[in-house]
Amino acid sequence: MSNYRYHGGGGGGGGGYYGIEVRDMHQRISYPHQFTFVSSCVKYMIFMLNLIFWLFGGLLLGIGIYAFMDKWNDANGWVKLENIYDVVLNISLVMIIAGIVIFVVSFAGCLGALRENTHLLKFYSRCLLIFFLMEMVIAIICFVFPQNMNSFVEYQFTDKIIHSYRDDPDLQNFIDFAQKEFQCCGLSTAGYQDWAKNEYFNCSSPSVEKCGVPYSCCINATDISSGLVNIMCGYEVQEHSVAAASKLIWTSGCIEIVRVWAERNLYTIAGIALGIALIQLLVIYLAKTLEGQIELQKSRWAT
């Protein structure tokens, strides 16, 4: 923006100077010595948010490493990691990977905001954008194609999870927790019959658990008088009909039960997902705002 000033001729006959004087308005703007374009509010808001996630990522990483080393020692230094399914179903390894990602990204946000480093802020905002887009894709698939997602999970993971039940203590605890909480047994539409695929619960197994299911499938696994868990409550129920077995255990598969639960709580889940998405967008906006303010401050110093 420029300022134009007109100069007219003098009153005498000697002829005057006519012209326009152009002055750059930017040269007339002066800032106080301590002035900065960088907002302290935005800067420290990003720092504090990422500090919380940085600590959470470190905690998650530490717990994952501890669980993995415990499993490593129990297995005499051998953990099966032959394919992607072994990684996905290894809960301690998933915790380690998630912890590393959260730790690194939040650390970049912390340091980038505190040191006003635009490279770290760009890395941070782009990572958040990638996470946001991935979450949106998964959410759209789950809400628009629930049956397809249901079939995919059932086809890809049922056999592998059932086979690994006794081999991985962390996975076993997780499955027991899910079966007790959602009052289900097995994963697929076959329900409790899924456990016939496990070498310990198969009816041809020499194990004492043959033709049985895990205790977490039982309707009344805990003895009321003693308060002890009866781990034998699911023995030989695979030999019963569905009607007879339903008096002792939950017979429906967990995938279908979870899908029905999600449909019943659709608005709550959608509200939580929307809230998380809006928070992510807000943080991305703050990061880009701070990045722009830092660039503006650098341009001021350059002039």
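Look above for the structure.
Residues numbered from 1 in each chain as written. Predicted model: local features only at pLDDT ≥ 70, side-chain atom pairs only at ≥ 80, totals over all residues. Heavy atoms only, no water.

Undergrad: I'm lost on the packing of aromatic side chains in this one. Help?
TA: Any aromatic ring pair is given by two values, namely how distant the centres are and how the planes are angled relative to each other. Inspection of every chain in the model, using the stated rule, returns seven aromatic pairs. Taken together, a centroid distance of 5.4 Å and an interplanar angle of 35 degrees make the contact between Trp54 and Phe103 tilted. Taken together, the residues span a long stretch of sequence, with Trp54 in helix 1 (residues 40–74) and Phe103 in helix 3 (residues 91–115) at a distance of 49 residues. You can call Trp54 partly exposed: its relative accessible area is 26%. Plain terms: the ring middles of Phe182 and Trp261 are 5.9 Å apart, the flat faces sit at 80 degrees to each other, and that makes the pair edge-to-face. Within this pair, whereas Phe182 is found in helix 6 (residues 169–182), its partner Trp261 is found in helix 8 (residues 254–264), the two being separated by 79 residues in sequence. Classification of Trp261 by relative accessible area gives partly exposed; the value is 43%. (Phe/Tyr/Trp six-rings, centres within 6.5 Å; stacked < 30°, edge-to-face > 60°. Helix = DSSP H or I, 4+ residues; strand = E, 2+ residues; numbered from the N terminus. Buried < 20%, exposed > 50% of the residue type's maximum accessible area, 1.4 Å probe, protein only.)

Undergrad: Sorry, what's going on with the state of the cysteines here?
TA: As used in these notes, a disulfide is a covalent bond between sulfur atoms, one from each of two cysteines. Considering all chains together, one arrives at four disulfides under this definition. The side chain of Cys184 participates in a disulfide bridge whose partner is Cys254; the two sulfur atoms lie 1.9 Å from each other. Judged by the torsion about the S-S bond (85 degrees), the Cys184/Cys254 disulfide is right-handed. Taken together, the positions of Cys184 in the loop between helix 6 and helix 7 (242–245) and Cys254 in helix 8 put the pair 70 residues apart, joining distant regions of the chain. The same class applies to Cys184 and to Cys254, which are both buried. Two residues share a disulfide in this structure: Cys218 and Cys233, whose sulfurs sit 2.0 Å from each other. What sets the handedness of the Cys218 and Cys233 disulfide is the S-S torsion sign, and at about 105 degrees it is right-handed. Taken together, the positions of Cys218 in the loop between helix 6 and helix 7 and Cys233 in the loop between helix 6 and helix 7 put the pair 15 residues apart, joining distant regions of the chain. For Cys218, a relative accessible area of 6% gives the class buried. With a relative accessible area of 17%, Cys233 lands in the buried category. (Disulfide = S-S within 2.5 Å.)

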